[in-house]
Amino acid sequence: PEQDPLPLELQPTTNVSRKAFSVAVTRPDDIQKARLKLPVVADEQKIMEAVHNNNIVVVKGETGSGKTTQVPQFLFESGYGSPDSPTPGMIGVTQPRRVAAVSMAKRVGDELGDHGNKVAYQIRFEGTVGPQTAIKFMTDGVLLREVAQDIALRKYSAIIIDEAHERSVNTDILIGMLSRVVKLREELALEDASIKPLKLIIMSATLDLADFRENKALFSVPPPLLESEGRQHKVITHFARKTHHDYVEEAFRKVSKGHRKLPPGGFLVFLTGQNEITHLSKRLKEAFRSGHTATGPPVRISGKDAPIEAEDIDFGDTGNDNNDDYDDDETHIHINDDDDDDFRVENEEPNTGPAKVHVLPLYSLLPTREQLRVFEPPPDGSRLIVLATNVAETSLTIPGIRYVFDSGRSKERKYDQATGVQSFEVGWISKASARQRAGRAGRTGEGHCYCLYSSAVYERDFEDRAKPEILRMPIEGVVLQLKAMNLQHVKNFPFPTSPDREGLESSEKLLTYLSAISPTGQITPMGSTMSIFPLSPRFARILLVGHLHDCLPYTIALVAGLSAADVFIPENQVIPAVAPREEDALFTNADRIEEDVRNNIRRKFNKVQKDFCFLDDKSDAIKLLQVVGEFAHDPTESWCQSHYVRFKVLKEILQLRRQITDLLRTNIPAFAGLKFEEKLGAPSATQVKALKQMVAAGFIDHVAIRADLSPNPPEVRRKPTRAIDVPYLTLFPSHVRNEDDDKAVYIHPSSPLAHISPQECPEYIVYSYLQRAAPRVDSEKRPKTRMHALTDVTGSQLASLAKGTPLIDY
Ligand code: ADP
Ligand code: MG
């Protein structure tokens, strides 16, 4: 449990150091006024004194208190980042999310007025950093790569690790690394007067301090903690009387009613993913097109029925909040267990809200420029309604939000490090998250949070806090990065939360298969080269065996495609959902037309999918390569729309192809002359075969063998009539947890392999990961474990890989 903060050990006179060097800043008037109201600004003196006297400081403050926007400016004003100051290096600020890095850089640039060009951002493929840059916002992944290049981070005078409470893997690793980098810089500074110590500031909304400050492996003495008094306005939480299973429908009902009854003020609705957001958005827009009452048909999509897409995952994790801050008046969150349906707001007349709605989506796969629209004021006379995933939970503060509607759910990637099975599940958020979400309503004045769940469910089913991401993800990439930084014994790394031993061991085993480390755990030359690429070790391995048969440009395109989010928009997002009908309702003409529309779309969708399998009909990998190749010939949004693929993702893949090509050229002498070929011709049949084998080289531990052809087919009673029912056995049957689990795994319906006949199903399949659907409450049947298939391979291809000859000479 959280302990009392240790008293700050400040020198009594430290006002001086702050004045030793300062940069004058003239801010726009309105900004200056607004920032004076932020709790963090009131604490500037205290924070800067602590920074001057300590190299590591922890700053904690409620979301919206001004940490992200103000602390970098405090540092800037006292000389950090100014070339002529004693601390000339840049101020680096990390964010777990790209959208936050971009929008916060913009905001801080605006706040600094004429110093605007001093604030820049760097995310994976985009950046505005130049010689002028004093404050650099970046994703935590970007800084992690920079540590790998220069362990002393000489470019920086200060690093701010923001949103530490989210416990993203990269942030956790950074905190571990930086605890050492700070020490290193202290040592270097003793030897060389031109080198200054590095300041590290860890910032968090609601940090579980024990994992950080009191972690002896991390900091021998707990760094000082500065807590900014939250001055959030009162937020009243209204629990629902009943918890509805169909929470999207319930959200529609409540938001519609709320819009009609509540006084002006923005709405922020928390849902779990893009699908739900798109549906609710459509319905709200239809319902309030001309400021009228909602009467549209209900949507049928949510809860256990909601399709869950891998690509639609946002960091589901928020931190740990153990303080009692939220109980009563002192804490500003008030609990109200009455039914909220009347939307009575104290001291205010209902029915005074604006008539029109301005509905905006906010999720991670949305193009950046669309994401930033939430910061613009809504059109006059309309109410801003933001439909968001977890993105809006802590990193972004959307102006004007007064009412929060919380589904209480989030979509999370679950990964079992022991069995390697991954699943995407909609589940209850933690109590800490629920409080964060509610708190979003209290920024500008008193606010209200309408929960779509009862207080009983909250008490009984919500965990106190979510698990750190490092416990929920494959970690071979982390292990390889650490080894590449000469950390031989990864288990000695000062993790804020250590991954389990099993996870570490299986990662090392995998890295051995991939020839990245030796059997004794030492990094190999191959492993060092692999660690240069911003790719998971499997994809890096594929890349580095991928040059035979003139395949390299295809391999680059393929690994770029495989490492990005899912390119394909799933069928259920393309085809409009059917409105449920009363049992005895008549089948109307309108229904018939709707059905026709759906059938047309479905036909077109299927044709497009089939065309993508033109080169090969048994391989997800080759289908993906085809899409990446076609896109390069017509890289437009309209092509993507008509082919049901994601523009944002494909653009990113194109950038990643370019980046990988550059890295190959600059790091591997044999590829010094490599040119980037944006437009690729179709690969030959030989190349397709070779590419499939390369994929297998990266997934050599993920081979599944068709089971119903063996002399003693296990557990197969009937001959499968569909490809998706053909049983396969994995080489390492690690997904089996219980004695009576089905030992077989099956092809996922999204794979091209699902559309061939069972007779044609290949003997060997290489899969990328196994996924088990969440068991359905209303079904007795155990859900099948499915392979997200990559490709078919032949026995001789596998045999040659096992012998260590990378590729067959076709
Ligand atoms: P914290 O990091 O503590 O959560 P921030 O520094 O992000 O807080 O935000 C402080 C305040 O600055 C917010 O409450 C909001 O009022 C204002 N703010 C932040 N970003 C923007 C923006 N893009 N547009 C307008 N106001 C903003
Ligand atoms: Mg912040």
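The shown structure was predicted, so the numbers you read here are calculated from the model rather than taken from an experiment. (Residues numbered from 1 in each chain as written. Chains lettered and ligands numbered in written order. Predicted model: local features only at pLDDT ≥ 70, side-chain atom pairs only at ≥ 80, totals over all residues.)

Comments concerning the sheet that holds strand β4 (residues 135-139)
Working step 1: Overall, parallel pairing links the seven strands, which are arranged β3-β4-β2-β5-β6-β1-β7 in an open sheet. The open sheet is flanked by β3 (119-122) and β7 (225-228), the only strands paired with a single partner. When the angles between neighbouring strand axes are averaged without regard to direction, this sheet yields 20 degrees.
Working step 2: Alignment of strand β2 (residues 90-95) against β4, held across five bridges, turns out to be parallel. Residue pairing for β4: Ile91 is matched across the bridge by Ile135.
Working step 3: This element, helix α5 (residues 67-77), spans β1 (56-61), β2, β4, β5 (156-161) and β6 (199-204) of the sheet and lies at about 165 degrees to β2. (Pairing = 2+ DSSP bridges. Helix = DSSP H or I, 4+ residues; strand = E, 2+ residues; numbered from the N terminus. Axes fitted to C-alpha atoms, helices over the stretch in contact; angles between N-to-C directions. Contact = placed C-beta atoms within 7 Å.)

Topic: unusual backbone geometry
Working step 1: For Asn486, which is not glycine, the phi torsion reads 70 degrees and is therefore positive.
Working step 2: Take Asn486: there are 8 C-beta atoms within 10 Å of it, and that puts it in the exposed class.
Working step 3: Phi at Ser515 takes a positive value of approximately 60 degrees, unusual for a residue other than glycine.
Working step 4: Relative to the helices and strands, Ser515 resides in the loop between α16 (501-513) and α17 (525-532). (Buried ≥ 20, exposed ≤ 12 C-beta atoms within 10 Å, placed from the backbone.)

Examining the environment of Pro224
Working step 1: Counting through the fold element by element, Pro224 comes out in the loop between α9 (209-212) and β7.
Working step 2: Through-space distance from the C-alpha of Pro224 to that of Asn53 is 9.9 Å; in sequence the pair is 171 residues apart.

Let's talk about the site of ligand 1
Working step 1: In the vicinity of ligand 1 there are 16 residues, among which Gly64, Lys67, Thr68, Thr69 and Thr397 approach most closely.
Working step 2: Looking at the shell around ligand 1, the elements that each hand over two or more residues are α5 and α6 (98-111).
Working step 3: When residues in the shell around ligand 1 are grouped by element, the largest group, four residues, is from α5. (Near = placed C-beta within 6 Å.)

Section: the environment of Lys414
Working step 1: Mapped onto the secondary structure, Lys414 falls in strand β14 (residues 409-415).
Working step 2: Residue Lys414 is classed as partly exposed on the basis of its C-beta count, with 17 C-beta atoms lying within 10 Å.
Working step 3: Residues Lys414 and Arg472 lie 58 residues apart in sequence; the distance between their C-alpha atoms is 5.6 Å.
Working step 4: When sequence neighbours within four positions are dropped, the list of residues in contact with Lys414 reads Gln422, Ser423, Glu425 and Arg472.

Brief notes about the confidence of the model for the chain
Detailed reading of the predicted coordinates is not advisable wherever pLDDT falls low.
Working step 1: Per-residue confidence for the chain gives a mean pLDDT of 83, with 82% of residues at or over 70.
Working step 2: Segment residues 1-18 is flagged for pLDDT under 50; beyond a separation of four residues in sequence, or across chains, it makes 25 contacts in the model.
Working step 3: pLDDT under 50 marks residues 290-334. Its contacts with residues more than four places away, or in other chains, come to 136 contacts.
Working step 4: Reported confidences for the modelled complex are a pTM of 0.78 and an ipTM of 0.98. (pLDDT = per-residue confidence, 0-100.)

Notes on the nonpolar core
Working step 1: Formed by 187 residues in total, the largest nonpolar core has its most connected members in Val269 and Val386.
Working step 2: Beyond its immediate stretch of four places on either side in the chain, Val269 contacts Ala251, Val255, Ile385, Val386, Leu387, Ala388 and Phe405. (Core = buried A, V, L, I, M, F, W, Y, C linked by C-beta atoms within 7 Å.)

Quick word on the packing of helix α18 (residues 537-544) against helix α19 (residues 552-563)
Working step 1: Where α18 meets α19, the closest approach of the two axes is 9 Å, and the angle between their N-to-C directions is 170 degrees. Relative to α19, α18 is oriented roughly antiparallel. On the side of α18, the interface is formed by Phe539, Ile542 and Leu543, while α19 contributes Thr555, Ile556, Val559, Leu562 and Ser563. (Parallel < 35°, antiparallel > 145°, perpendicular 65-115°, else oblique.)

Looking at the environment of Pro635
Working step 1: Residue position: Pro635 is located in the loop between α22 (620-633) and α23 (637-642).
Working step 2: When the C-alpha positions of Pro635 and Leu372 are compared, they lie 23 Å apart, and in sequence the two are 263 residues distant.

So, α6
Working step 1: The first and last C-alpha atoms of α6 sit 20 Å apart over 14 residues, in line with the 20 Å expected at 1.5 Å per residue.
Working step 2: Where burial is concerned, most of α6 is hidden: ten out of the 14 residues are buried.
Working step 3: Contact partners of the buried residues in α6: α2 (29-36), α5, β2, β3, β4 and α12 (368-371).
Working step 4: Within two residues after α6, Gly113 carries a phi angle of roughly 55 degrees, on the positive side. (Expected span 1.5 Å × (residues − 1).)

Regarding the packing of α17 against α18
The angle between the axes and the distance between the axes are what describe a pair of packed helices.
Working step 1: It is the contact of α17 with α18, at a shortest axis distance of 9 Å, that shows an interaxial angle of 110 degrees. Looking at the two axes, α17 sits roughly perpendicular to α18. Residue-level inspection shows Met526, Thr529 and Met530 of α17 in contact with α18, the latter providing Pro537, Ala540, Arg541 and Leu544.
Working step 2: When its residues are assigned to classes, the contact of α17 with α18 shows five nonpolar, one polar and one charged. (Nonpolar A, V, L, I, M, F, W, Y, C, P; charged D, E, K, R; others polar.)

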